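# Survey of secondary and tertiary structure
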Amino acid sequence: MRVLRVPPDFEVWRTMAREALREGWAPEQMDFQDNTVPAPMNLDLSSTESPQSRNIEHPFVPKTFLESAKLGAVHRDSDRWNLLYRLLFRLQRNRELMRVEIDDDVAHLKQMEQQVRRDLHKMHAFVRFRKIEEADAAGKPQEHFIAWYRPDHRIVPLAAPFFAERFAIMRWTVLTPDETMSWDPEAKALSFGPGVGKEAAPQEDELEDLWRTYYGSIFNPARLNPSAMRNEMPVRYWQHLPEVTLLPVLMQQAESRVATMVTRQSRQPSAAPFVPEEHTLPVLRAAMPSCKGCDLYKYATQVVPGVGGAHAPLMLVGEQPGDQEDIKGAPFVGPAGRVLRQAMEELGIVDSNIFMTNAVKHFKFVQRGKLRLHQNPRSGELNACRPWLAAEIEAVKPKVVLCLGASAAKSLLGGTFALMKERGVIKPTPYADQVLATIHPSAVLRARDEQSRDSLYQFMKDDLALAYSTALGKT
Ligand code: SF4
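Quick look at the structure, then. (Residues numbered from 1 in each chain as written. Predicted model: local features only at pLDDT ≥ 70, side-chain atom pairs only at ≥ 80, totals over all residues. Heavy atoms only, no water.)

On to the sheet that holds strand 8 (residues 307–308), then. Read across the sheet, five strands follow the order 8-10-9-13-14 without closing on themselves; strand pairing throughout is mixed. Unpaired on one side and paired on the other, strand 8 and strand 14 (435–438) mark the two borders of the sheet. By the bridge criterion, five bridges tie strand 9 (residues 314–318) to strand 10 (residues 354–358) in an arrangement that is parallel. What sits directly across from Leu-314, in strand 10, is Ile-354. Contacts between helix 13 (residues 379–396) and the sheet are confined to strand 9, strand 10 and strand 13 (400–404), with strand 10 contributing the most and set at about 170 degrees to the helix. (Pairing = 2+ DSSP bridges. Helix = DSSP H or I, 4+ residues; strand = E, 2+ residues; numbered from the N terminus. Contact = heavy atoms within 4.5 Å. Axes fitted to C-alpha atoms, helices over the stretch in contact; angles between N-to-C directions.)

Even without being glycine, Phe-332 reaches a positive phi, approximately 55 degrees. Checked against the element boundaries, Phe-332 lands in the loop between helix 11 (323–328) and helix 12 (335–346). Of the residues examined, Phe-332 reaches a relative accessible area of 8% and is grouped as buried. (Buried < 20%, exposed > 50% of the residue type's maximum accessible area, 1.4 Å probe, protein only.)

Below, the discussion takes up the site of the ligand. Close to the ligand lie Ala-271, Cys-291, Gly-293, Cys-294, Tyr-297, Val-360, Lys-361, His-362, Ala-384, Cys-385 and Trp-388. Mapping the ligand onto the cavity grids shows that it belongs to the largest cavity. In terms of residue class, the shell around the ligand is built from eight nonpolar, two polar and one charged. (Near = heavy atom within 4 Å. 1 Å grid on protein atoms, 1.4 Å probe; cavity = no way out; pocket = protein on both sides within 12 Å on 5 of 7 lines; lining within 4 Å. Sits in = over half its atoms within 2 Å of the grid points. Nonpolar A, V, L, I, M, F, W, Y, C, P; charged D, E, K, R; others polar.)

To continue, consider the packing of helix 4 (residues 104–126) against helix 5 (residues 156–166). Close contact between helix 4 and helix 5 brings their axes to 10 Å; oriented N to C, the two are set at 35 degrees. Crossing of helix 4 against helix 5: the hand is right-handed. Residues Val-116, Leu-120, Met-123 and His-124 of helix 4 lie in contact with helix 5, whose contacting residues are Leu-158, Ala-159, Phe-162 and Phe-163. Its residues assigned to classes, the contact of helix 4 with helix 5 shows seven nonpolar, one polar and no charged. (Left-handed = near helix turned anticlockwise from the far one by under 90°.)

It is worth spelling out empty space enclosed by the protein at this point. Counted by the stated rule, this structure contains two cavities of 30 Å³ or more. Estimates place the volume of the largest cavity at around 90 Å³. Cys-291, Cys-294, Lys-361, His-362 and Cys-385 are the residues nearest the centre of the largest cavity, which is lined by 13 residues in total. Computed from the structure, the second largest cavity encloses a volume of approximately 60 Å³. The set of elements that each furnish at least two residues to the lining of the second largest cavity consists of helix 1 (10–23) and helix 2 (63–72). It is helix 1 that contributes the most residues to the lining of the second largest cavity, five residues altogether. (Points joined across faces, edges and corners; volume = space filled by probe spheres on them.)

Below, the discussion takes up the packing of helix 2 against helix 3 (residues 80–91). Helix 3 packs onto helix 2 with a crossing angle of 170 degrees between their chain directions and a minimal axis gap of 10 Å. Looking at the two axes, helix 2 sits roughly antiparallel to helix 3. Along its contact with helix 2, which presents Phe-65, Ala-69 and Gly-72, the element helix 3 presents Arg-80, Leu-84, Leu-87, Leu-88 and Leu-91. (Parallel < 35°, antiparallel > 145°, perpendicular 65-115°, else oblique.)

Turning our eyes to something else, we now look at the side chain of His-144. Here His-144 is to be found in strand 4 (residues 141–148). Taking relative accessible area as the criterion, His-144 reaches 12% and is therefore assigned buried.

A few words now on the packing of aromatic side chains. On inspection of all chains with the given rule, the structure shows twelve aromatic pairs. Cluster of aromatic residues (ring-pair linked, three or more members): Phe-10, Trp-13, Phe-32, Trp-81, Tyr-85 and Phe-89. If you follow Arg-423 out to its NZ or CZ, it ends over the ring of Phe-459, 4.1 Å from the centre. (Phe/Tyr/Trp six-rings, centres within 6.5 Å; stacked < 30°, edge-to-face > 60°. Lys NZ or Arg CZ within 6 Å of the ring centre and 35° of its normal.)

Turning to helix 12, a few remarks are in order. For helix 12, with twelve residues, the first-to-last C-alpha span of 17 Å sits near the 16 Å given by 1.5 Å per residue. Those residues of helix 12 that sit buried are Ala-336, Gly-337, Val-339, Leu-340, Ala-343 and Met-344. Mapping the buried residues of helix 12 onto a view down its axis gives an arc of 160 degrees, with all of them on the same face. Away from its buried face by more than 90 degrees, helix 12 exposes Arg-338 and Glu-345. (Expected span 1.5 Å × (residues − 1). Arc of directions from axis to C-beta.)

Have a look at this one:
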């Protein structure tokens, strides 16, 4: 057995693995040991064995493997380097191996990848900074924001870009037991250092009160579910969160606050009372025509439910049915739909991989003579109709949701979403894990000249290509 001790660095392992493949070492002859775990007492790094496989000078390394491997490499599973080598070795014989989801090695790596993604998501959500005053190089006082956090896996370098972007103008440091990362806002540079214990972090500051005020104002008593909270935010994360001290009081007050919300909300339009409990497409389709969740049903010809693959990996969400859609009862059958179809055809998108729907299910218009002119839905109408959209997402369970246009984006990505600034960026939402937005095809039709029409069309097509390949697991 050839034993190699691997530091927690994917690139170092990659070099070792390439060398091992080049020399012809089979996975069963190799033991890539995690050097953050103490070595066994009798460790022997010399090997009398000879390589038993063929030499591979130029290994085949598909992007799907590389991306999963980079995430798997930061998992704390001490056998991860051996798993990665085994997969890399097997990929030389079976180039499609990463598509075989029932393969034990592939499934193991996917599971590790998922756990690391979840850990990253938690770190992004639960790091809380405390402010200290310190002197800069010239002796002038400057603010420094410091947080302490214990991630499950060694994710600090992967988490760093998020904090660098989110807190670009602050001088900050995140301390963890594995590694420390710091951001210098003047040099716009990240730096990394050794890990430290919690005692190195500053104690409570005035930001704690700000956090508590903020949390108190966004706390939704109607969603109070202590066991779900414990699952979503296990107790070990609570140590990072100043708002936790508020929870007992907020929980006590939850019942009376819910009663107040119910009274207030009963005055707001919503499709919720019309959405059946069973979220399957046939049941939703059957129930939708009876919706009177807002006033739009009074003027439109009919409700227009979503159509497409029942388990499509990609869901396209438009704004609302247009004139043609209202008459025919199907989404995207008018001029904008033709633009969308053209982009889909050019990208080779298969119909069964798509589910098409709208954020609002009834056509909103003003009558001008014989013409019915489209009107944008108000946020109250987007909110009212969202329960249908959420139920369709739950029924289809798409891997990715692509919102077409600002209204659909606001419905799923929030009222402050800025389409031209944030288009093409995949974000997690409470409705689906991967949601992004792009231009609505009708914006392409309305472009003021040919040049802007071409560039808007290209934006839409690029985002559609990204959404589709992500939905198929190709990026
Ligand atoms: Fe119901 Fe939506 Fe139609 Fe309003 S637009 S009536 S909420 S289906």
